[in-house]
Amino acid sequence: QVQLVESGGGLVQAGDSLRLSCVSAVSDNTFRLSGMAWFRQAPGKEREFVARIGWSAGTALYSSAVKGRFTISRDDAQKAVYLQMDSLKPEDTALYYCAAKYAGVGIIPADYPLWGQGTQVTVSS
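Cut-offs applied
- Residues numbered from 1 in each chain as written.
- Predicted model: local features only at pLDDT ≥ 70, side-chain atom pairs only at ≥ 80, totals over all residues.
- Heavy atoms only, no water.
- Pairing = 2+ DSSP bridges.
- Helix = DSSP H or I, 4+ residues; strand = E, 2+ residues; numbered from the N terminus.
- Axes fitted to C-alpha atoms, helices over the stretch in contact; angles between N-to-C directions.
- Disulfide = S-S within 2.5 Å.
- Buried < 20%, exposed > 50% of the residue type's maximum accessible area, 1.4 Å probe, protein only.
- Patch = residues over 30% accessible without salt bridge, like charges linked within 9 Å, V, L, I, M, F, W, Y side chains within 5 Å.
- Areas by Shrake-Rupley, 256 points an atom, 1.4 Å probe, with all protein chains shown as cover.
- Salt bridge = Lys/Arg side-chain N within 4 Å of Asp/Glu carboxyl O.
- Phe/Tyr/Trp six-rings, centres within 6.5 Å; stacked < 30°, edge-to-face > 60°.

A. A look at the sheet that holds strand 7 (residues 70–75). Spatially, four strands are ordered 1-3-8-7 in an open sheet, and the strand pairing comes out antiparallel. With one partner strand each, in any of the chains shown, strand 1 (4–7) and strand 7 form the two edges of the open sheet. For this sheet, the mean inter-axis angle between neighbouring strands, taken without regard to orientation, is 15°. Pairing of strand 7 with strand 8 (residues 80–85) involves six bridges; the strand directions are antiparallel. Looking at the pairing, Ser73 lines up with Tyr82 of strand 8.

B. Local environment of the state of the cysteines. One pass over the full model with this rule turns up one disulfide. Across a sulfur-sulfur distance of 1.8 Å, Cys22 and Cys98 are joined as a disulfide pair. In this structure, the disulfide formed by Cys22 and Cys98 twists by about 50° around the S-S bond and is classed as right-handed. With a gap of 76 residues between them, Cys22 in strand 3 (residues 18–24) and Cys98 in strand 9 (residues 94–101) connect regions that are remote in the sequence. Here Cys22 falls in the buried class, since its relative accessible area comes to 0%.

C. Structural detail: a nonpolar patch on the surface. A surface patch of nonpolar side chains, about 230 Å² in accessible area, is lined by Leu61, Ile107 and Ile108. The residue Ile108 is located in the loop between strand 9 and strand 10 (114–115) in this model.

D. Representation of the packing of aromatic side chains. This model, assessed by the stated rule, comprises four aromatic pairs. A ring pair is formed by Phe39 and Phe49, whose centres lie 5.8 Å apart and whose planes are at 70°; its orientation type is edge-to-face. One end of the pair, Phe39, is in strand 4 (residues 35–41); the other, Phe49, is in strand 5 (residues 48–53), and ten residues separate them in sequence. For the pair Phe39 and Phe49, a shared accessibility class is recorded, and that class is buried. Measuring from ring centre to ring centre gives 5.1 Å for Phe39 and Trp115, while their planes differ by 45°; the resulting arrangement is tilted. Of this pair, Phe39 sits in strand 4 while Trp115 sits in strand 10, and the two are 76 residues apart along the sequence.

The following block contains the structure:
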């Protein structure tokens, strides 16, 4: 069952930019997401934390691999989270997942009960 829906992935060259979007599929308009995050997973590798954000932009946190290049943001009115990806590198190639939780924030997959099905990002050299 789809809980979150990602979009915006694609095939780009090194140095290009992409903007990933994720929208909650929760129908209850009283529901509010606390923590939202992005993870990625390359073939044969474990799921890796990319970025997360809580109620305010000041709660944003990034992995060392993407810090300075990626920016996470959210739109609570539309229950959406975004990931602006600049200066993409071949090593950024992976299936990108968005995730959310009902309270608090986290940086490991187990912290997040809501997930999307992923959007593929492929960066060529």
